[in-house]
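# Architecture at a glance
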Amino acid sequence: MNTTVSIVRCSDYSKVKSAIKEALSLIGGLESIIAPGNRVLLKPNVLAIRPPEDAVTTHPAVVSAMCELVREVGGIPIIGDGSGVVRPDVSTAEAFRASGIEAAASSCGAELINFETSGYTEVSVPAARQFPRLYIAKAVLEADVVISLPKLKTHELTLYTGALKNFFGAVPHKIRKQAHALEDRDRFGEAIVDIYSIVKPHLAVMDGVVGMEGNGPANGTPINSGLILASYDCVALDMVASELIGIDPLKVPTNKAALSRGFGNGQPELAGVPLQEAGLKFKMAEGGVTAMVPPFLMRTLRKYLTVKPFINTSKCALCKACVLNCSAHAIEEMNKTLKINPEKCIQCYCCRELCPNDAVEIRKSFLMKVVTRSRT
């Protein structure tokens, strides 16, 4: 497999189709993976019910451009995802609408599939590290070609999220909760690679026109990064993209887990803009700082290096999205307010990631404040 990663500049979304076309031409084009009549599943990141300008979700312009490019080589584009939110009054359909992806699908005449309502298929996972059996979205398994369309973002648990972790949206919420309940970054990374090993995407095109730094994947700050990346190898793309934003690629648990199992190329060739010229320095997620501490020190200092979520009751609307998404059942209601039980909390940050009101904030220990200050 060609594992080259292309990097192309793209200053704004009005130019994104030509940028993607250039990025794809640098690695061999769509014709090498799509035959006329193929059903091509485009998997954007539709994490939450957020507008495009928040940089939480893949921009609809990227989705539209990919639909058009797939059609141009004779493929049949399909757009699908399952959002990260579990609440009785909202759904993935609303996330599609808020993100602009529903409108993009409509304008391109592409089928839009909600993984939650279209169903899942149980599969066995050869050489699994965490999940010997998984449920994967039927639309993903039935597609002839699968393409990851991730957003360039930092992540409070995994430091960086990209082409591999994008397929976390292809499994039901129960499995996502079980993965977060593993309580360990490396084991979580292995769970993601269990999913990836079944999905086996053919291509990744990353939306890095506007990325997210800081407390991603949902509470960070949009940053004009001005790039499109592409590769047939999702692992190679994630290695390059994480290095590009200033994160050691081997500190990213999904990268480490994938390479340990023989997936992808850890030292891919580059095409387009040189990495040194394209490089950016994203602010790291505060919750991910502990991954930078050497393991021998972490064993000693773990109880003093803490970044714990808490609920700001002045912002909380009591929607209970955090309660429904907490795999550790650590959020309790007391006198019409929600509180996080520190004894149960596993610091997966799902509550923070999926709160629609940004009511979940973080509290750092004194030593963690010192460490994070020294990194700025």
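Keep in mind it's a predicted model, so treat the numbers as computed, not measured.

A tally of regular secondary structure across the chain gives 15 helices and 16 strands. For 376 residues, the compact-globule formula gives about 21 Å, and the C-alpha radius of gyration of the chain, at 20 Å, lands near that figure. With the C-alpha coordinates aligned to their principal axes, the bounding extent of the chain is approximately 60 × 45 × 40 Å. The 376 residues of the chain split such that 60% are buried. By sequence separation, contacts in the chain at least 24 residues apart represent 75% of the contacts at least 6 residues apart. Surface exposure of the chain reaches about 15200 Å², of which carbon and sulfur atoms provide 51%. Mean positive and mean negative side-chain charge positions of the chain (42 and 37 charges, respectively) differ by 7 Å.

The next point concerns the packing of helix α9 (residues 234-244) against helix α10 (residues 253-260). For the pair α9 and α10, the least separation of the axes is 10 Å and the interaxial angle reads 140°. For the element pair α9 and α10, the recorded crossing hand is left-handed. Packed against α9, whose contacting residues are Val235, Asp238, Met239 and Ser242, the element α10 presents Asn255, Ala258 and Leu259 at the interface. In terms of residue class, the contact of α9 with α10 is built from four nonpolar, two polar and one charged.

Looking now at the packing of aromatic side chains. Scanning the model with the defined rule gives two aromatic pairs in all. For the pair phenylalanine 168 and phenylalanine 188, a centre-to-centre distance of 5.4 Å together with 80° between the ring planes defines the contact as edge-to-face. One end of the pair, phenylalanine 168, is in the loop between β9 (159-161) and α7 (173-180); the other, phenylalanine 188, is in helix α8 (residues 185-199), with 20 residues separating them in the sequence. Its relative accessible area of 1% is what places phenylalanine 188 among the buried residues. An angle of 85° between the planes, with centres 5.8 Å apart, marks the rings of tyrosine 196 and phenylalanine 263 as edge-to-face. Of the two residues, tyrosine 196 sits in helix α8 while phenylalanine 263 sits in the loop between α10 and β12 (270-272), which places them 67 residues apart along the sequence.

Parameters and conventions
Residues numbered from 1 in each chain as written. Predicted model: local features only at pLDDT ≥ 70, side-chain atom pairs only at ≥ 80, totals over all residues. Heavy atoms only, no water. Helix = DSSP H or I, 4+ residues; strand = E, 2+ residues; numbered from the N terminus. Rg over C-alpha atoms; globule rule 2.2 N^0.38 Å. Buried < 20%, exposed > 50% of the residue type's maximum accessible area, 1.4 Å probe, protein only. Contact = heavy atoms within 4.5 Å. Areas by Shrake-Rupley, 256 points an atom, 1.4 Å probe, with all protein chains shown as cover. Lys, Arg positive; Asp, Glu negative; His and termini not counted. Charge placed at Lys NZ, Arg CZ, Asp CG, Glu CD. Axes fitted to C-alpha atoms, helices over the stretch in contact; angles between N-to-C directions. Left-handed = near helix turned anticlockwise from the far one by under 90°. Nonpolar A, V, L, I, M, F, W, Y, C, P; charged D, E, K, R; others polar. Phe/Tyr/Trp six-rings, centres within 6.5 Å; stacked < 30°, edge-to-face > 60°.

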